[in-house]
Structures are given as C-alpha cells and as structure tokens.
Amino acid sequence: LATALNDRGHIKYLRVEFPAAMEDYTAAIECQPGFEVPYYNRGLVLYRLGCFDEAMKDFRKVLELNPQFEDAALSLKQAILAKEEKQKRGY
C-alpha cells in the first residue's frame, strides 16, 4: 500500500499537483514509516515550494533510514544552500 501511495503521489507531483502529492507521500509514510522514498519525494515537493526547513527534515530522515541514499544527501546540501541564499536576500 505504501508503494502504491508513493507512486500515486509521484504522478501528482509530475502534474504539479503539489498539495495532493504531499498528501499521498504523507499517507505512504504513515502506512510504512521505515520506507525512505516517500520522505525523499515529500522533501522534493517542500523544496520546490520554498519550505527549506521542512524539506531538510525529510531529507535528514531519508539519510537516517538509508545513509547510502545519495540523491537525498545532494538534495539536503542544495536545500541548505537555497535557505542560506534566501536569507541573504532577506526573504
């Protein structure tokens, strides 16, 4: 069920239906808390929405569950840089 919810969320993500995608990713996490992929996908949505702190939280959770998840490590670094840039610009 968690995989199906994650997959459905990904389709919504591709359609740029971010709130609906996040609902599915969150439901997948609730269904199977040890499944790192929906945390990563939800983090990507949060990043795209400019919610860098929340995105970093999800990327860190992915790395806690799977330290070898390289895309999550890269996304975490990018979110940190984006947050710093946003702060420098004052918004």
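Values in this document were obtained by computation on a predicted structure and should not be read as measured data.

S.K.: Would you take a moment to explain the side chain of Arg-42 for this structure?
M.R.: Checked against the element boundaries, Arg-42 lands in helix H3 (residues 36-48). What Arg-42 contacts, discounting residues up to four positions off in sequence, is Met-22, Tyr-25, Thr-26, Ile-29 and Asp-58.

S.K.: Sorry if this is basic, but what is going on with the UniProt feature "repeat: TPR" (unreviewed entry) in the protein chain here?
M.R.: Here the UniProt feature "repeat: TPR" (unreviewed entry) sits at residues 36-69. Across residues 36-69 one finds 79% helix and 0% strand; the C-alpha atoms that close the span lie 9 Å apart.

S.K.: Help me understand the nonpolar core in this model?
M.R.: Where a protein is soluble and globular, its nonpolar side chains tend to be buried together. Among the nonpolar cores identified, the biggest contains 13 residues, and Tyr-40, Phe-59, Val-62, Leu-63, Phe-69, Ala-72 and Leu-76 are the most heavily contacted of them. Looking at this core, the elements that each hand over two or more residues are H3, helix H4 (52-65) and helix H5 (70-89). In terms of residue count, the dominant contributor to this core is H4 (five residues). Excluding its chain neighbours within four sequence positions, the residues that come into contact with Ala-72 are Tyr-40, Phe-59, Val-62 and Leu-63. By size, the runner-up hydrophobic cluster in this structure holds five residues, among which are Tyr-13, Phe-18, Tyr-25 and Val-45.

S.K.: Explain the environment of Glu-85 to me, please; I cannot follow it from the model alone.
M.R.: For Glu-85, the location among the structural elements is in helix H5. Separated by 55 residues in sequence, Glu-85 and Glu-30 place their C-alpha atoms 33 Å apart.

S.K.: So what exactly am I meant to see when it comes to H3 here?
M.R.: Structural remark: α-helix, 3.6 residues per turn; residues separated by three or four positions point the same way. Between its terminal C-alpha atoms H3 stretches 19 Å, which fits the 18 Å expected from 13 residues at 1.5 Å a residue. Those residues of H3 that fall on the buried side of the exposure criterion are Glu-36, Pro-38, Tyr-39, Tyr-40, Asn-41, Arg-42, Gly-43, Val-45 and Leu-46. Turning to H3, the residues buried within the fold contact helix H1 (2-14), helix H2 (18-31), H4 and H5.

S.K.: Hey, could you run me through the packing of H3 against H5 in this one?
M.R.: The relative placement of two packed helices is expressed as an angle between their axes plus a distance between the axes. In the contact formed by H3 and H5, the axes pass within 11 Å of each other and the chain directions differ by 20°. Viewed along their axes, H3 and H5 adopt a mutual orientation that is roughly parallel. In the crossing of H3 with H5, the sense of the turn from one axis to the other is left-handed. Seen from H3, the contacting residues are Tyr-40, Leu-44 and Tyr-47; seen from H5, they are Asp-71, Ala-72, Ser-75, Gln-78, Ala-79 and Ala-82. For the contact of H3 with H5, the class distribution of residues is six nonpolar, two polar and one charged.

Calculation criteria
- Residues numbered from 1 in each chain as written.
- Predicted model: local features only at pLDDT ≥ 70, side-chain atom pairs only at ≥ 80, totals over all residues.
- Heavy atoms only, no water.
- Helix = DSSP H or I, 4+ residues; strand = E, 2+ residues; numbered from the N terminus.
- Contact = heavy atoms within 4.5 Å.
- UniProt positions renumbered as here; feature names shortened; annotations may be inferred.
- Core = buried A, V, L, I, M, F, W, Y, C linked by side-chain atoms within 4.5 Å.
- Buried < 20%, exposed > 50% of the residue type's maximum accessible area, 1.4 Å probe, protein only.
- Expected span 1.5 Å × (residues − 1).
- Axes fitted to C-alpha atoms, helices over the stretch in contact; angles between N-to-C directions.
- Parallel < 35°, antiparallel > 145°, perpendicular 65-115°, else oblique.
- Left-handed = near helix turned anticlockwise from the far one by under 90°.
- Nonpolar A, V, L, I, M, F, W, Y, C, P; charged D, E, K, R; others polar.

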